[in-house]
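# Geometric and topological summary
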Amino acid sequence: MQSPENAVEMLRIAADAADSKGGEDLVALNVSEPLPLVDVFLLVTGNSERNVAAIADEIEDKLFEAGHKRVRREGRAEARWVLLDFGDLIVHVFHAEERVYYGLERLWKDCPVLPIELTERVAGE
């Protein structure tokens, strides 16, 4: 990875944000080898369009609060596959059907999977 500390910190923030909004099946891939301008893909599944939008919005808000600027966002209006580009980190928030259909895990199967360590939340948070 080009800037591993930055990418890992962004991944932690994004994963916690996704988890807090009910994001499921979080997978982080180190794509720095085949993609020189990106370090990490985070894949997340939401269970409805509303949930996909909420997950994407929360990730965007939390990364912005931490001082990270979004470069690009696509798919928010339809909320079936929202792409959030933060430079070192690209987040893909999918509706379950789109995640299966596009199969990014299959396309990037040669890339190492990164561990995701979620922050423990107290019940009721």
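That block above? That's the structure.
Remember, predicted model here, so these are calculated numbers, not experimental data.

Charged atoms that come close allow side chains of opposite charge to pair. Per the counting criterion, the structure on display carries 13 salt bridges. Aspartate 16 serves as the salt-bridge partner of arginine 12, at 3.3 Å between the closest nitrogen and oxygen. Placement of the pair is arginine 12 and aspartate 16 together in helix α1 (residues 4-20), with a separation of four residues, close to one helical turn. Between arginine 72 and glutamate 74 there is a salt bridge, and its shortest N-O distance comes to 3.1 Å.

This paragraph deals with the packing of aromatic side chains. Across all of its chains, the model carries four aromatic pairs by this definition. Between tryptophan 81 and tyrosine 102 the ring centres are 4.7 Å apart and the planes differ by 50°, which places this aromatic pair in the tilted class. Of this pair, tryptophan 81 sits in strand β4 (residues 81-85) while tyrosine 102 sits in helix α3 (residues 96-102); the two residues are 21 residues apart in sequence, bridging distant segments of the chain. Among the aromatic residues, those joined into a cluster by ring pairs are Trp81, Phe94, Tyr101 and Tyr102.

Structurally, the position occupied by glutamate 74 is in strand β3 (residues 72-74). A residue is classified by how much of its surface remains accessible, and glutamate 74, at 41% relative accessible area, is partly exposed. C-alpha of glutamate 74 to C-alpha of serine 48: the two residues are 26 residues apart in sequence and 17 Å apart in space. Setting aside residues no more than four positions away along its own chain, glutamate 74 makes contact with Trp81, Val82 and Leu83. A distance of 3.1 Å separates a polar atom in the side chain of glutamate 74 from a polar atom in the side chain of arginine 72.

Further remarks concern helix α2 (residues 49-65). Taking 1.5 Å per residue, 17 residues should reach 24 Å; α2 reaches 24 Å between its end C-alpha atoms and fits that length. Buried within α2 we find Asn51, Val52, Ala53, Ile55, Ala56, Glu58, Ile59, Glu60 and Leu63. Two residues or fewer past α2, glycine 67 is found with a positive phi of approximately 95°.

This part covers unusual backbone geometry. Despite not being glycine, aspartate 25 has its phi angle at roughly 50°, a positive value. Relative to the helices and strands, aspartate 25 resides in strand β1 (residues 24-30). Among the residues examined, aspartate 25 registers a relative accessible area of 51% and is labelled exposed. Positive phi, normally seen in glycine, also occurs at alanine 79, with a value near 55°.

A separate point is the layout of surface pockets. One number sums up the size of the largest pocket: a volume of about 210 Å³. Forming the boundary of the largest pocket are 11 residues, of which Ile13, Asp16, Ala17, Ser20 and Lys62 lie nearest the centre. Of all the secondary structure elements, the ones that give two or more residues to the lining of the largest pocket are α1 and α2. Considering every element that reaches the lining of the largest pocket, the biggest residue donor is α1, with six residues. Partitioned by chemical class, the residues of the lining of the largest pocket number two nonpolar, two polar and seven charged.

In this section: the side chain of histidine 95. Mapping histidine 95 onto the fold places it in strand β5 (residues 89-95). Among all residues touching histidine 95, those that are not within four sequence positions of it are Thr45, Gly46, Asn47, Ser48, Glu49, Val52 and Arg80.

Each value, and the rule that gives it
Residues numbered from 1 in each chain as written. Predicted model: local features only at pLDDT ≥ 70, side-chain atom pairs only at ≥ 80, totals over all residues. Heavy atoms only, no water. Salt bridge = Lys/Arg side-chain N within 4 Å of Asp/Glu carboxyl O. Helix = DSSP H or I, 4+ residues; strand = E, 2+ residues; numbered from the N terminus. Phe/Tyr/Trp six-rings, centres within 6.5 Å; stacked < 30°, edge-to-face > 60°. Buried < 20%, exposed > 50% of the residue type's maximum accessible area, 1.4 Å probe, protein only. Contact = heavy atoms within 4.5 Å. Polar contact = N/O pair within 3.5 Å; in protein donor to acceptor, adjacent residues only side chain to side chain. Expected span 1.5 Å × (residues − 1). 1 Å grid on protein atoms, 1.4 Å probe; cavity = no way out; pocket = protein on both sides within 12 Å on 5 of 7 lines; lining within 4 Å. Points joined across faces, edges and corners; volume = space filled by probe spheres on them. Nonpolar A, V, L, I, M, F, W, Y, C, P; charged D, E, K, R; others polar.

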